[in-house]
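Architecture at a glance
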Amino acid sequence: TLTQVGDDLFSEGITQIARHAHDHLLRPGGLFVPARARVFAALCSLRVRQCSGFNLCAFNAFRSNAQSWVDIEHIAATDVFDGQHAELLSAPVHLFDFDFTTAANLPQKCHVELDAIASSSGVLNCVTFWYELDLGDGMEKIDLGPNLRSPRPFEQRARRQQMRYVGYERCV
């Protein structure tokens, strides 16, 4: 039986699905895909400055603190918002690794706190995170991180990266 989950590694309880697959569905030595995942994050600025000639900067303060999905590379590559696209304000920070190869390797819970240092100036208002997937058995790794300097062809990149707004805006 093939079970398909959404494109967010964490939203649908992938660790519980992997645990169930190892305990009840896979034969000994069976492959769960992805075999491993590395999770990264970066400080980010995603703001609207203007639209149709109107200055909308003041409205950024009213943005929801919810998570959203953004195709950072597509916005940068097409420049559909006239230079108003996400800016990474820090280097990627490695958060943690998941190993889905056996049920024993799967974490019960995952909680991370860390300090990140801005390496670019801008207005910090969100954190973006993504993962690198190792499909296992020597297959190619899939890096779902944004590449703003040299956007990849549409079919070779993550469609979206997840953004979590921090609830404030701070110049860094």
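Values in this document were obtained by computation on a predicted structure and should not be read as measured data.

**Overview of unusual backbone geometry**
Residue Pro-34 follows Val-33 across a cis peptide bond; omega there is 5°. Along the polypeptide, Pro-34 turns up in the loop between helix H1 (14–25) and strand S1 (36–45). Even without a glycine there, the phi angle at Asp-137 is positive, about 50°. When its relative accessible area of 69% is taken as the criterion, Asp-137 is described as exposed.

**Let's talk about the pattern of salt bridges**
Scanning the model with the defined rule gives 2 salt bridges in all. Arg-36 is the partner of Asp-134 in a salt bridge, and the nearest nitrogen-oxygen pair spans 3.2 Å. Residue Asp-134 is found in strand S7 (residues 123–134), and its partner Arg-36 is found in strand S1; the two are separated by 98 residues along the sequence. A salt bridge links Asp-97 to Arg-38, with the nearest nitrogen and oxygen atoms 2.8 Å apart. Of this pair, Asp-97 sits in strand S6 (residues 93–99) while Arg-38 sits in strand S1, and the two are 59 residues apart along the sequence. Here Arg-38 falls in the partly exposed class, since its relative accessible area comes to 34%.

**Overview of H1**
What H1 keeps buried is the set Ile-14, Thr-15, Ala-18, Ala-21 and His-22. Take H1 and look down its axis: the buried residues cluster within an arc of 125°, on one side only. Of the exposed residues in H1, those oriented more than 90 degrees away from the buried face are Gln-16, His-24 and Leu-25. For H1, the secondary structure elements touched by its buried residues are S6.

**Focus on the packing of aromatic side chains**
Following the criterion strictly, the structure yields 4 aromatic pairs and no others. With centroids separated by 5.8 Å and ring planes inclined at 45°, the aromatic side chains of Phe-32 and Phe-100 adopt a geometry described as tilted. On the criterion of sequence distance, the pair formed by Phe-32 in the loop between H1 and S1 and Phe-100 in the loop between S6 and S7 is long-range, its members being 68 residues apart. Here the two residues Phe-32 and Phe-100 agree in accessibility, since each one is buried. With a centroid separation of 5.6 Å and an interplanar angle of 10°, the aromatic rings of Phe-98 and Phe-100 are classed as stacked.

Calculation rules
Residues numbered from 1 in each chain as written. Predicted model: local features only at pLDDT ≥ 70, side-chain atom pairs only at ≥ 80, totals over all residues. Heavy atoms only, no water. Helix = DSSP H or I, 4+ residues; strand = E, 2+ residues; numbered from the N terminus. Buried < 20%, exposed > 50% of the residue type's maximum accessible area, 1.4 Å probe, protein only. Salt bridge = Lys/Arg side-chain N within 4 Å of Asp/Glu carboxyl O. Arc of directions from axis to C-beta. Contact = heavy atoms within 4.5 Å. Phe/Tyr/Trp six-rings, centres within 6.5 Å; stacked < 30°, edge-to-face > 60°.

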